[in-house]
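Coordinate analysis (summary)
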Amino acid sequence: MAHYETVLIARQDVSAAQVETIADMAQEILTEAGGSIARREYWGLRSLAFRMNKNRKGHYVLMNYDVGSDAVVEMERRLRLHDDVLRFMTVRTEDLPTEPSVVLARRDERDRPERSDRGDRPDRGDRGDRGDRGGDRPRGPRREFGDDTGMERSERRPHREYNDREEN
C-alpha cells in the first residue's frame with residue numbers, strides 16, 4: 001500500500017458539520033478498502049486565491065492515509081460527483097506524517113496567549129490624549145475647478161495656442 005495526502009475544498013455556504021460529513025464519506029471509502037487514516041484535519045473556512053464557481057472562500061480538509069490505489073480512484077470519483085466539493089487534490093507521499101500540519105501548528109501558535117517572558121518591549125499602557133490636531137484651521141478662498149495656481153484669471157498668463165508657437 002502507498003501513502004497519500006488529499007486536500008479537499010468545500011463550498012463556503014455549507015456548514016462545518018456538512019464538511020465533516022463529506023470527509024467521513026471519504027474516510028469510510030478508504031477504511032472499507034483496508035486503508036488506515038493517519039491524520040485528518042479541518043483547517044476551517046479560508047480565502048481562496050481566486051474565485052472558483054462564484055466562491056471566494058472554502059472549507060479546507062486535509063487527510064493523510066495509507067491505502068491501495070483502487071480506493072483512491074473510488075474516493076476521487078465520489079468527490080468529483082459531490083456538489084459541495086469545489087476542488088480536491090491527491091498526492092502520493094514518501095512518508096505518513098502523524099504530527100499536526102504547518103497550517104494547524106501556525107494557527108495554534110497564533111491562538112496561544114502572549115508569553116510573559118517578553119522583556120524586550122515594555123507595556124505601553126494607556127497612550128493618553130494626542131493633543132490638538134488643528135481641526136478648525138482658517139482656510140483660504142475656494143478655487144475654481146482646474147485652477148491650480150491660486151491666482152485670479154486676469155492675473156494668469158493666457159495659454160498659448162498650438163499655432164502661436166514660435167518657429168525656429
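These notes cover the structure that comes with them.

The rules we used
- Residues numbered from 1 in each chain as written.
- Predicted model: local features only at pLDDT ≥ 70, side-chain atom pairs only at ≥ 80, totals over all residues.
- Heavy atoms only, no water.
- Buried < 20%, exposed > 50% of the residue type's maximum accessible area, 1.4 Å probe, protein only.
- Helix = DSSP H or I, 4+ residues; strand = E, 2+ residues; numbered from the N terminus.
- Pairing = 2+ DSSP bridges.
- Salt bridge = Lys/Arg side-chain N within 4 Å of Asp/Glu carboxyl O.
- Phe/Tyr/Trp six-rings, centres within 6.5 Å; stacked < 30°, edge-to-face > 60°.
- Core = buried A, V, L, I, M, F, W, Y, C linked by side-chain atoms within 4.5 Å.
- Contact = heavy atoms within 4.5 Å.

So, about the pairing of strand E1 (residues 2-11). Within E1, seven of the ten residues are buried, which leaves the element mostly enclosed by the surrounding structure. Across ten bridges, E1 lies against strand E3 (residues 55-67) in antiparallel orientation. Paired with Ala10 across the two strands is His59, which belongs to E3. For E1 and strand E4 (residues 85-93), the ladder comprises eight bridges, and the chain directions are antiparallel. Of the residues in E4, the one forming a bridge with His3 is Thr93.

Scanning all chains against the criterion turns up six salt bridges. Between Arg11 and Asp13 there is a salt bridge, with its nearest N and O atoms 3.5 Å apart. A salt bridge links Glu74 to Arg78, with the nearest nitrogen and oxygen atoms 3.1 Å apart. Of this pair, Glu74 and Arg78 are both found in helix H2 (residues 69-81), four residues apart, which corresponds to roughly one turn of the helix. Note on Glu74: relative accessible area 25%, which makes it partly exposed.

Here the focus is the packing of aromatic side chains. Tallying each qualifying case throughout the model produces two aromatic pairs. Where Tyr4 meets Tyr65, the ring centres are 6.0 Å apart and the plane angle is 25°; that geometry is what we call stacked. In this pair, Tyr4 sits in strand E1 while Tyr65 sits in strand E3, placing the two residues 61 residues apart along the sequence. Like Tyr65, Tyr4 is buried. Ring centres of Trp43 and Tyr60 lie 6.3 Å apart, and the angle between their planes is 20°; on these two criteria the pair is classed as stacked.

Turning to the nonpolar core, a few remarks are in order. Membership of the largest hydrophobic core comes to 20 residues, with the highest contact counts inside it found for Leu30, Tyr65, Val67 and Met75. Among the elements of the structure, E1, helix H1 (16-32), E3 and H2 are those that each provide at least two residues to this core. Not counting residues up to four positions away in its chain, the partners in contact with Tyr65 are Ala2, His3, Tyr4, Thr6, Leu30, Ser36, Ile37, Ala38, Val72, Met75, Thr90 and Leu96. Core analysis: the next-biggest nonpolar cluster, separate from the first, contains ten residues, Val7, Ile9, Trp43 and Leu62 among them.

Note that all results are geometric; they support no functional claim without further evidence.
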